[in-house]
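# Descriptive analysis of the structure
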Amino acid sequence: MPNDIRFALHGGAGSPSPEMDVAEQRAALRRIADEALALLRDGGSALDAVERAVVRLEECPLFNAGVGAVLNSDGAPELDAAIMDGRSRACGAIAGVCRVESPVRLARAVMEKSPHVMFLGAGAEAFARELGMKEVSPDHFVTELRFRQLKAAHAKGAILLDHDGGGTVGAVARDAHGHLAAATSTGGLTNKRPGRVGDTPVIGAGTFADDETCAVSCTGSGESFIRAVAGHHVHARLQFSRWTLPQACEEALMLVKRYGGDGGCIAVDREGTLALPFNSRAMFRAWAGADGVVHVAVGRDEA
Ligand code: ASP
């Protein structure tokens, strides 16, 4: 029987120092990829698989999304997330929230239960409340590590990508029916200005899916990914230039570089090709291709 199912997730691009122990992050990536793959094998949709994986990554304090999100310059978490269904290009996104337990679940609710695509801050939280979604206090997301990282960033006067641990999270999937989906969730950048929004919830920049071409989830310097319109750029190369997925992703990252940033993306195309390129030092990632086996990697090589 042909194996049509594909899955990939990322836990952020960055540059963990070579001596840093990332065993915990790797174990979490494997566990979460296994769970998403099982869901797809049970006949679950690509949309359900990417949502489930991102919810689990948000729950895990090792990554910059949900619990463990980085803090803005005021010391507060401001969370962004998006999800997109390749079947119809239905999509939902939220930005600057700090009171909903799962930003990606709220993004999906925006997609399915509102006539809109994107909600912001207090309005997003009011919508979540109306739907009876679980509310938490902003402290729910704050960890000791992110507090220390903010202090260090304050001292340097720098705005930082989550360079030395797990970062932004995302997932892409192709289900047994050939449908594609993508989801991404993040706390953004350490010491960012309050109100700053990155590429993650911007449909076509950090998150994009279309069954005709591909599903893409990005991580890295959000401003550069927005300027490159990275996710949609990959789609456009497949649609209009008939490029391969790896070629299209490489070019998108070259544009990101040209516009001053770095990072990576994970992508799957309609034929089931996977691409997980990055031009930062590392990208936390896991994937299952035609072999149906979960692979995990952080640096250049799978180890
Ligand atoms: N792309 C995210 C942002 O700019 C950050 C990241 O991927 O680490 O908000």
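The text that follows walks through the structure, step by step, so that each part is easy to find.

Conventions we followed
- Counting from 1, residues in each chain are numbered in the order their sequence is written.
- Totals for whole chains, interfaces and linings use every residue, but because this is a predicted model, local features are given only for residues with pLDDT of at least 70 and side-chain atom pairs only at 80 or more, for both listing and counting.
- As a convention, hydrogens and water are excluded, and side-chain values are obtained from all of the structure's heavy atoms.
- Each helix corresponds to a stretch of at least 4 residues labelled H or I by DSSP, and each strand to a stretch of at least 2 residues labelled E; elements are numbered beginning at the N terminus.
- For each residue, the accessible area found with a 1.4 Å probe, counting protein chains only, is set against the maximum for its type, and the residue is called buried under 20%, exposed over 50%, and partly exposed in between.
- None of His or the chain ends enter the tally, which takes Lys and Arg as positive and Asp and Glu as negative.
- The atom standing in for a charge is NZ when the residue is Lys, CZ when it is Arg, CG when it is Asp and CD when it is Glu.
- Put simply, buried Ala, Val, Leu, Ile, Met, Phe, Trp, Tyr and Cys residues joined by side-chain atoms within 4.5 Å make one nonpolar core.
- Residues count as neighbours in contact if any of their non-hydrogen atoms are within 4.5 Å of one another.
- Neighbouring residues are identified by heavy atoms, a residue being near a molecule or strand if any of them is within 4 Å of it.
- N or O atoms within 3.5 Å of each other form a polar contact, as long as, within protein, one can give a hydrogen and the other can take it, and as long as residues adjacent in sequence are counted only when both atoms are side-chain atoms.
- Only protein atoms enter the 1 Å grid used here. Points where a 1.4 Å probe fits but cannot escape make up a cavity, open sets with protein on both sides within 12 Å along at least five of seven lines make up a pocket, and a residue lines them when an atom lies within 4 Å of a point.
- Molecules are considered to sit inside a cavity or pocket once more than half of their atoms lie within 2 Å of its grid points.
- We define a salt bridge as a contact between a side-chain nitrogen of Lys or Arg and a carboxyl oxygen of Asp or Glu at a distance within 4 Å.
- Each Phe, Tyr or Trp ring (for Trp, its six-membered ring) is paired with any other whose centre lies within 6.5 Å, and the angle between the two planes then decides the class: stacked below 30 degrees, edge-to-face above 60, tilted in between.

What follows covers the overall build of the protein chain. Summing up its helical and strand segments, the protein chain has eight helices and 12 strands in all. Counting only C-alpha atoms, the protein chain reaches 55 × 45 × 35 Å along its principal axes. Counting over 303 residues, the protein chain shows a buried share of 60%. Side chains of the protein chain carry 32 positive and 38 negative charges; the gap between the two charge centres is 3 Å.

Attention now moves to the nonpolar core. Phe7, Leu9, Leu29, Ile94 and Leu106 are the most contacted members of the largest nonpolar core, which totals 55 residues. Those residues in contact with Ile94, other than ones at most four positions away along the chain, are Leu79, Asp80, Ala81, Pro103, Leu106, Ala107, Val110, Phe119, Ala124 and Pro201.

What follows deals with the site of the ligand. Around the ligand lies a shell of 11 residues, among which Thr168, Arg196, Asp199, Thr219 and Gly220 are the nearest. One nitrogen or oxygen atom from the main chain of Gly222 is found 3.0 Å from an oxygen atom belonging to the ligand. Its atoms largely coinciding with the cavity grid, the ligand occupies the largest cavity.

Okay, the pattern of salt bridges next. Applying the stated rule across the entire model yields 14 salt bridges. Two residues, Arg108 and Glu51, come together in a salt bridge whose shortest N-O distance is 2.9 Å. With a gap of 57 residues between them, Arg108 in helix α3 (residues 103-113) and Glu51 in helix α2 (residues 46-59) connect regions that are remote in the sequence. Assigned by exposure class, Arg108 and Glu51 land together as buried. One salt bridge in this structure joins Arg89 and Asp210, with 2.9 Å as the shortest N-O distance. Taken together, the residues span a long stretch of sequence, with Arg89 in the loop between β2 (79-85) and β3 (90-97) and Asp210 in the loop between β7 (207-209) and β8 (214-220) at a distance of 121 residues. With relative accessibility at 36%, the residue Arg89 sits in the partly exposed group. When its relative accessible area of 7% is taken as the criterion, Asp210 is described as buried. Shared partners join several salt bridges into a network, and the residues in it are Glu35, Arg52, Arg56 and Glu59.

A word on the packing of aromatic side chains. The final tally for this structure, using the stated rule, is two aromatic pairs. Centroid distance Phe63 to Phe284: 6.3 Å. Interplanar angle 85 degrees. Geometry classified as edge-to-face. Of the two residues, Phe63 sits in the loop between α2 and β2 while Phe284 sits in strand β11 (residues 282-288), which places them 221 residues apart along the sequence. Per residue, the accessibility class of Phe63 equals that of Phe284, and both read buried. Here Phe119 and Phe127 contribute two aromatic rings whose centre-to-centre distance is 4.9 Å and whose plane-to-plane angle is 15 degrees, an arrangement assigned as stacked.

The next point concerns helix α7 (residues 230-240). Spacing of three or four residues puts side chains on the same side of an α-helix, whose turn is 3.6 residues. Those residues of α7 not exposed but buried are Ala230, Gly231, His233, Val234, His235, Ala236 and Leu238. Looking at the buried positions of α7, the neighbouring elements they touch are β7, β8, α6 (222-228), α8 (245-258) and β9 (263-269). Arg242 lies just past α7 and shows a positive phi near 60 degrees.

Of note, Asp211 is situated in the loop between β7 and β8. No salt bridge is formed by the buried Asp211; its nearest oppositely charged neighbour, Arg87, is found at 5.8 Å. Polar contacts involving the side chain of Asp211 include one to the main-chain amide nitrogen of Arg87, which spans 3.5 Å. Those residues in contact with Asp211, other than ones at most four positions away along the chain, are Gly86, Arg87, Gly178, His179, Leu180 and Arg270.

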